[in-house]
Every structure is written in C-alpha cells, then in structure tokens.
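# Structural characterization, general
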Amino acid sequence: MRKGLWLAAATALLFTSAQPALAAEELTSKQAGQVVDTLVTELNGYFDPTKAQTVQAALKAQRGQFVRIHDRAALADALSAVTLKVSGDQHMKVTVTTANAQAVRLSEADEILVDKRLAYGLMAARRLPANIGYLKLRYFEQGEEGAAMIDAALGLLKDTDALIIDLRENTGGGGATDERLLGQLSRAPLVMEAIRWRDPDGKATTLSRHVRQGPGDPLYADKPVYLLVGGQTFSAAEAFAYTMQANKRAVLVGTRTRGGGNPANRPKPNLGFGLVAFIPNGQVVHPLTGGGWEGVGVKPDVETPLDGALTEAYRRALAAAKPLVSTPKSEKERADAVADPAKALIADQAL
C-alpha cells in the first residue's frame, strides 16, 4: 500500500444531522471555514516553522474568499494555489480523497485491492527488439508487494543486454519498491538520500535510507541502464533518478523533473469533508552531492523532448549493449534496430 515515506493515507469526516442538505461536492461557508482553519493549524507540523508562519498568514488573509467557495475540488485548488505560491513547496497541497463530502475513506481492504488492480505500480515489463529491456513504473509501492513485483519484473528482463527504466509518468511513493530496484542494479550498494525529519515535538531526527538487496545476487548489476524522466516525474521518483545519477549508475534521458524533494512520514492531515493536506515534515540531502532536487528538479544527462526520449534512450542502449550470443536472426533484428530505432519501436508496438 502507498502509505510510506512520501505518501500517506487520510480520513474523512461525516456531516452532522444539523447541517443542511447539500449536493455531494458542496460545502457551506461554515464548513469551508473549518477546512481553512484546520489547514492553518496543521501547518504547525511543517519542517520549516518560519515558512509555515508565512503560509498561515496568507491563508488567514484570504479566508473571506475561501469561505465563499462551496465546491470541494475548487476549494482544494484555491488553497493549494496559495500554499504553493507562498512556500514554493510542490508537495504542500490539498486534495479531495472521497467521492462526496459524506463518504468515509477507503477501507484497508479496498486500499489493498486498489494497489493490486494497479499491479503495484507496474505499467510494463517488456523485451524490446534486439534484446533491450524496458520497465515502466507508475508509482513506487511502499509495501513488500512492491519489492516482490520488482523481483518478478527484473527476473523476466535480467537476460537483456541493456535496460530502460521509464519514470516519465511516475509521481512518487517510496519504500520497498525503489529500495529493492536500486538494490538489484548494483553489486556495491548504491548510496541513497538522508532525510532530516522534524518530529512532532519539534526536534530533528536524521534518517539515512538504504537499498534492499534481493535474496540472491543482484539481477541487473553490470549492464547499461537508461532512465527516462520528465516534468511529471515527481517526489520519490525524483529521489530514485537523483540517486542513480549521483551514483553514476544510469544515463538520464528526457527533460528536467518537477522538483518535489520534501517528504512526509506522517499520515496526511484530515481537513474534514473528504479533504486532506500533504504537509512535508522532512528535508532531503544526498550524501554524495550535499544537495537535492527540491525546487530545481533533476536535470537529465541527455536533454531531449519527451516524445522522443524513448527512441533516444533505445538508440543509446543499442550502441552500448554487448550481446552474449549471436545468431543470424538476432543479428538481423539488431541491425534493423540500429539502422532505424524509431521504426523498430513502432513495429514492436503493432500488437
């Protein structure tokens, strides 16, 4: 389940019987005001108290405008616009989590079912022409199911000659999946980020993250790896890309990532009526660079438009790959792919 380092679950409140009947997405002015006031209070948990006070002041100054917004989604967007503009922190936002203002949050069983239906973030594990592996992940599952998914996917791709990992649509998560994937990509453990957490009592605790090794030897320790990134690549996906780049384990291809580097290790505060907030209580510093990607994103090694990023990574993978065996059929497949990588990819997608 996605309840780990970068994402957290939330709860929702029910209307009381004394409140007037409303459409599913509507709030009264009083209820909207309660949401604003709760958000202001919850911002006390932000990792930077001084910046939190600035955001709180901005929300209070615009409270009169917020209470006139009765649609939950519109209210969430309006609050998020202020928190982002004032703080610059793209993680600090309000979202709608329930179908209507009276709905309770998903049960634990339903959340597990959602993750199963999403294959724990797996979008594709494929052998491309000329024996290049392709792994696409939508998010990083926090639980052990994510680590098992990585083992299974790389188990299928371990005999390819180079690997392309596609994170262009990956918006984060964090936990067992990214730690295991990193653990499968190098014999010497790759160095991950350190996070300085602000605890509820205001004190600071620093946690260094570590890769998770698989049950045997790493499945993809020595062959070339290419990583696709872009403007939607966010949060823990950026952490993964930053770590791979800092450890010089992959060539990053695409465009600069979004720039969200402040995580949370607490449940998202419940603002009521199906609205929750993400309020980071951590800051990231990578030991190998002394910095991070907050506000600046991760710059790819090879900058190219996203619609051509896969072709560019594929072209480079073909050039770097060293096949262990050769047959007339494999040599023709490889020659055709090298001659026209884009055509080879298009033909491969003609299912």
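We now turn to the structure provided with this report.

About the thresholds
- Residues numbered from 1 in each chain as written.
- Predicted model: local features only at pLDDT ≥ 70, side-chain atom pairs only at ≥ 80, totals over all residues.
- Heavy atoms only, no water.
- Buried < 20%, exposed > 50% of the residue type's maximum accessible area, 1.4 Å probe, protein only.
- Helix = DSSP H or I, 4+ residues; strand = E, 2+ residues; numbered from the N terminus.
- Pairing = 2+ DSSP bridges.
- Axes fitted to C-alpha atoms, helices over the stretch in contact; angles between N-to-C directions.
- Parallel < 35°, antiparallel > 145°, perpendicular 65-115°, else oblique.
- Left-handed = near helix turned anticlockwise from the far one by under 90°.
- Contact = heavy atoms within 4.5 Å.
- 1 Å grid on protein atoms, 1.4 Å probe; cavity = no way out; pocket = protein on both sides within 12 Å on 5 of 7 lines; lining within 4 Å.
- Points joined across faces, edges and corners; volume = space filled by probe spheres on them.
- Nonpolar A, V, L, I, M, F, W, Y, C, P; charged D, E, K, R; others polar.
- Expected span 1.5 Å × (residues − 1).

## Concerning the pairing of strand S7 (residues 225–229)
When you tally the buried positions in S7, you get five out of five residues, the bulk of the element. Burial along S7 is two-sided: the residues Val225, Leu227 and Val229 and Tyr226 and Leu228 are all buried. Direction of pairing for strand S4 (residues 162–166) relative to S7: parallel, over a ladder of four bridges. Residue pairing across strands places Asp166 opposite Leu228, the latter belonging to S7. With four bridges connecting them, S7 and strand S8 (residues 251–254) associate as parallel partners. Across the sheet, Leu228 pairs through a bridge with Val253, a residue of S8.

## Examining the packing of helix H9 (residues 309–320) against helix H11 (residues 341–348)
Across the interface, H9 lies against H11 with an axial gap of 9 Å and an inter-helix angle of 110°. Relative to H11, H9 is oriented roughly perpendicular. Seen along the crossing, H9 lies across H11 with a hand that is right-handed. On H11, the residues touching Leu310, Thr311, Tyr314 and Arg315 of H9 are Pro341, Ala342, Ala344 and Leu345.

## Section: the layout of surface pockets
By volume, the second largest pocket is sized at about 200 Å³. Taken together, Arg127, Ala130, Asn131, Asp159, Asp161, Pro323, Leu324, Val325, Ser330, Glu331, Glu333 and Arg334 make up the lining of the second largest pocket. Examining the composition of the lining of the second largest pocket, we find that four residues originate from one element, helix H10 (residues 328–339), more than from any other.

## Examining the packing of helix H6 (residues 144–157) against helix H7 (residues 176–183)
Each packed pair of helices is defined by two parameters, the angle between the axes and the distance between the axes. With their axes 7 Å apart at the nearest point, H6 and H7 run at an angle of 35° to one another. Crossing of H6 against H7: the hand is right-handed. Packed against H6, whose contacting residues are Glu144, Gly146, Ala147, Met149, Ile150, Asp151 and Leu154, the element H7 presents Ala176, Thr177, Arg180 and Leu181 at the interface. Of the residues contributing to the contact of H6 with H7, the split by class is six nonpolar, two polar and three charged.

## Structural notes on the sheet that holds S8
One open sheet accounts for six strands, arranged S2-S3-S4-S7-S8-S12; its pairing is mixed. The two strands at the open ends of the sheet, each matched to only one other strand, are strand S2 (122–128) and strand S12 (302–303). This element, H6, spans S2, strand S3 (132–137) and S4 of the sheet and lies at about 160° to S3. Lying on the sheet, helix H8 (residues 236–246) is in contact with S4, S7 and S8; it crosses S7 at an angle near 140°.

## Regarding H6
Here H6 contains 14 residues, and its C-alpha end-to-end distance of 20 Å stays within 8% of the 20 Å for a straight helix at 1.5 Å per residue. Along its buried surface, H6 packs onto S2, S3, S4 and H7.

Honestly, it's all geometry; don't read function into it.
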